[in-house]
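As a plain string of letters, each chain reads:
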Amino acid sequence: TTVVVNGTASHNIPETLWGLMFEDISHSGDGGLYGELLQNRAFQEVTPGTVAALAAWTPVGGASIAVIADSTPLSSALPNALQIIVPDGVAGVGNMGFWGINVNASWTYNASFFFRFPDTLPSSDVTATASLVSASGGTVFASANVSLSPTADWTQVFTTLTPSASAPDTLNNFTVTFKDFSGTINTALFSLFPPTFMGQENGMRADIAQALLDLGPSFFRFPGGNNIEGNTIATRWQWNNTVGPLTSRPGREGTWSYINTDGLGLYEYLVWIELMGMQPIMAIWSGFSLGGQTVANSPDALAPYIEQARQQIEFVVGNTSTPGGALRASLGHPEPFTLNFVEVGNEDQFAPSTYLYRWPAFMNALQPLFPDIRFLATTFIFNPVLGPTPQSYDSHMYDTPDWFAKNSIMYDGFLRNGTTYFEGEYAAISVNPSDLFGTPANGRFTFPTMNGSVGEAAFMMGLERNADIVFAASYAPLLGHVTQNQWTPNLLAFDAGAVIKSTSYYVQQMFSLNRGDAYLPSTRADPSGTLFWSVVQQNAPPAFIIKLANTGADAANVTFQLPAAVKGAARLVQISGNPTDSNTPESPDKVVPVTSSVDAGQDMVVAAPGFSVSVVTVPIA
Ligand SMILES: [NH3+][C@H]1C[C@H](O)[C@@H](O)[C@@H]1CO
């Protein structure tokens, strides 16, 4: 195969083209990216007196524990407490973390909890011991004492823990025990944090954040996805419940079957997005919840939700003379955050008839107030026909590897009428086109596979070719706990101790780190074929960047006739494997990219193994 590469660029590559989509699904927030290591740390949204309320907590040394609605609640947002009846001897309570706790001797952990003595006050200070112990109890990796004054008023205590050794596995617990006290003590809002990414307060787990930073992402779509919608209107994501002190955050029933602490809140997201060099694509709730509850088509019904969305945007970009801007400044960020894109809802193609009035209600109220923000519609393109006409749409595609290869041409025929597109969610998820969202036994991927990743690469080349109208694209879902998940495959899998980079993660990285500045048209690939390519020009240092995907089993050589003289050596990054290969917890590095140097030639021959993606950077003379 010979590809003739045009020397005149058809369009620039938008700086936002490759980025991240995030929502709290499969514990990607609580138990994943968010740094808190304790599960059910504040007994949010649980029913006192039930076993479920005690999730992740166990008594130690014969104590008896129960979640109660304290007669003197810690706060209106956190009304529940963990009551511990402590017998003689060493006893207290333990937390298993999010199915494990990573005990690392090089880390200093920050631990804290609230306490009060509800009945008889002790006659003197009580010593509590915070520890990191093996789940078997046999090994104490770290412990520190804190002194509890005899008070009936809620008081927070803090300590640090520095393990004497790293644990051999993550089967470890955090415990708080008493050795010279017996009686009743109420506790609330526990917390155990490892060092966070770039030291952000109430921030992110460093290894996951680093893996995301290593993708070189340009944007971060959040907070959903389904998880912004809520199962009901009452349990929708509400920005104002996610900012300020943790004692003001009630948490909510997320749409992915677990309670969200909202410790990862709007301010934490925005600060972290800035630390990561990304920009937000922020969603506002648009009046529809997944259980079907929809805000009625009347100005009075819609007004409170439009106002809440307005306040959410004002919190992000308002100057400090506005309430939102003043609140943001009080939290430590007086400067407005960057906000160029706001998405109105999520997947409202499932509620098109009401989006017909919800979209204009939000747009007509908000666009005039925030003229520099581009609002994205979340329905199918021009279906329904919305007014005012959306400037941008967010399209989601989940399908087979073959579908993605064949549909690399998806945007080729779109009108160039000023409308731009965000491919906000896409992934090859199954080999079974008649049961895409089925079980692994029926073709669903548990982890991304090589043939899925190559299909995605072919599709992504179509996005580069159409990047004059496609301004952003992100694989979804981004993160998933290895065992506690509601969706697979995910770009990254993780558990309490490990992050597993998938074959699709590497493909995302190969594109994002080699995005180039301008697209060079070239001979068209056969969409029903097995070879797919793109060529971009990089300005600094000057180079042609060739991307080549081989979705077939047979190796192939492709000659690229480049439009200018080249020099020296070319850098080849190549990932290839068997079509069903995945990186898994058992074999996390089964398929990884290999970087090598090849001779540069103006007729550049790229040798593509079966099921491979290659990126060749050829320096321009
Ligand atoms: N159903 C998918 C589409 C929705 O937007 C996401 O929450 C889900 C997983 O990425």
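Residues numbered from 1 in each chain as written. Predicted model: local features only at pLDDT ≥ 70, side-chain atom pairs only at ≥ 80, totals over all residues. Heavy atoms only, no water.

Draft legend 1. Expanded view of the sheet that holds strand β13 (residues 183-193). The strand order across the open sheet formed by five strands is β5-β6-β13-β8-β11, and the pairing between neighbours is antiparallel. Two strands in the sheet have a free side with no partner beyond their single neighbour: β5 (64-69) and β11 (155-161). Neighbouring strand axes in the sheet, compared pairwise and without regard to direction, differ in orientation by 35° on average. When strand β6 (residues 80-86) meets β13, the two strands line up antiparallel, connected through five bridges. The partner of Gln83 across the bridge, within β13, is Asn186. (Pairing = 2+ DSSP bridges. Helix = DSSP H or I, 4+ residues; strand = E, 2+ residues; numbered from the N terminus. Axes fitted to C-alpha atoms, helices over the stretch in contact; angles between N-to-C directions.)

Draft legend 2. View of the packing of helix α4 (residues 266-275) against helix α5 (residues 299-317). One can describe the packing of α4 onto α5 by two numbers: an axis separation of 11 Å at closest approach and a directional angle of 40°. For the element pair α4 / α5, the angle class is oblique. In this structure, the crossing between α4 and α5 has a hand that is right-handed. Of the residues in α5, those touching α4 at Leu266, Tyr267 and Leu270 are Gln312, Phe315 and Val316. The class makeup of the residues in the contact of α4 with α5 is five nonpolar, one polar and no charged. (Parallel < 35°, antiparallel > 145°, perpendicular 65-115°, else oblique. Left-handed = near helix turned anticlockwise from the far one by under 90°. Contact = heavy atoms within 4.5 Å. Nonpolar A, V, L, I, M, F, W, Y, C, P; charged D, E, K, R; others polar.)

Draft legend 3. Geometry of the packing of α5 against helix α7 (residues 352-366). At a minimum axis separation of 10 Å, α5 and α7 run at an interaxial angle of 50°. One finds that α5 runs oblique with respect to α7. When you trace α5 past α7, the crossing you get is right-handed. Residue-level inspection shows Leu302, Tyr305, Ile306, Ala309, Arg310 and Ile313 of α5 in contact with α7, the latter providing Tyr357, Ala361, Phe362, Ala365 and Leu366. Among the residues forming the contact of α5 with α7, the class breakdown is ten nonpolar, no polar and one charged.

Draft legend 4. Main features of the site of the ligand. All residues in the neighbourhood of the ligand are listed as Glu23, Gly225, Asn226, Trp256, Asn346, Glu347, His396, Tyr398, Glu425, Pro477 and Trp487. In this structure, Tyr398 approaches the ligand through a side-chain N or O atom, which is 2.8 Å from an oxygen atom. If the ligand stood free it would expose 290 Å²; the protein chains cover 93% of that surface. Here the residues of the shell around the ligand are counted per class, giving four nonpolar, four polar and three charged. (Near = heavy atom within 4 Å. Polar contact = N/O pair within 3.5 Å; in protein donor to acceptor, adjacent residues only side chain to side chain. Areas by Shrake-Rupley, 256 points an atom, 1.4 Å probe, with all protein chains shown as cover.)

Draft legend 5. Examining unusual backbone geometry more closely. The peptide bond linking Phe222 to Pro223 adopts the cis configuration, its omega dihedral lying at 0°. Note that Pro223 resides in the loop between β14 (219-222) and α3 (226-229). In this structure, the amide linkage connecting Ala540 to the following residue, Pro541, adopts the cis form with an omega of -10°. Looking at where Pro541 falls in the secondary structure, it is placed in the loop between β27 (531-538) and β28 (543-550). Unusually for a residue other than glycine, Asn40 sits at a positive phi of about 60°. Along the chain, the position of Asn40 falls in the loop between α1 (29-33) and β4 (57-60). For Asn40, a relative accessible area of 15% corresponds to the buried category. Unusually for a residue other than glycine, Phe611 sits at a positive phi of about 45°. (Buried < 20%, exposed > 50% of the residue type's maximum accessible area, 1.4 Å probe, protein only.)

Draft legend 6. Region of interest: the confidence of the model for the protein. For the protein, per-residue confidence averages 98 on the pLDDT scale, and 100% of positions sit at 70 or higher. This prediction of the complex comes with two scores: 0.98 for pTM and 0.95 for ipTM. (pLDDT = per-residue confidence, 0-100.)

Draft legend 7. Molecular detail of the pattern of salt bridges. Inspection of the entire model under this criterion finds 15 salt bridges. With its nearest N and O atoms 2.8 Å apart, the salt bridge here joins Arg310 to Glu314. Of this pair, Arg310 and Glu314 are both found in helix α5, four residues apart, which corresponds to roughly one turn of the helix. With relative accessibility at 11%, the residue Glu314 sits in the buried group. Three or more residues are tied together by salt bridges with common partners; here these are Arg221, Glu343, Asp394 and Glu425. (Salt bridge = Lys/Arg side-chain N within 4 Å of Asp/Glu carboxyl O.)

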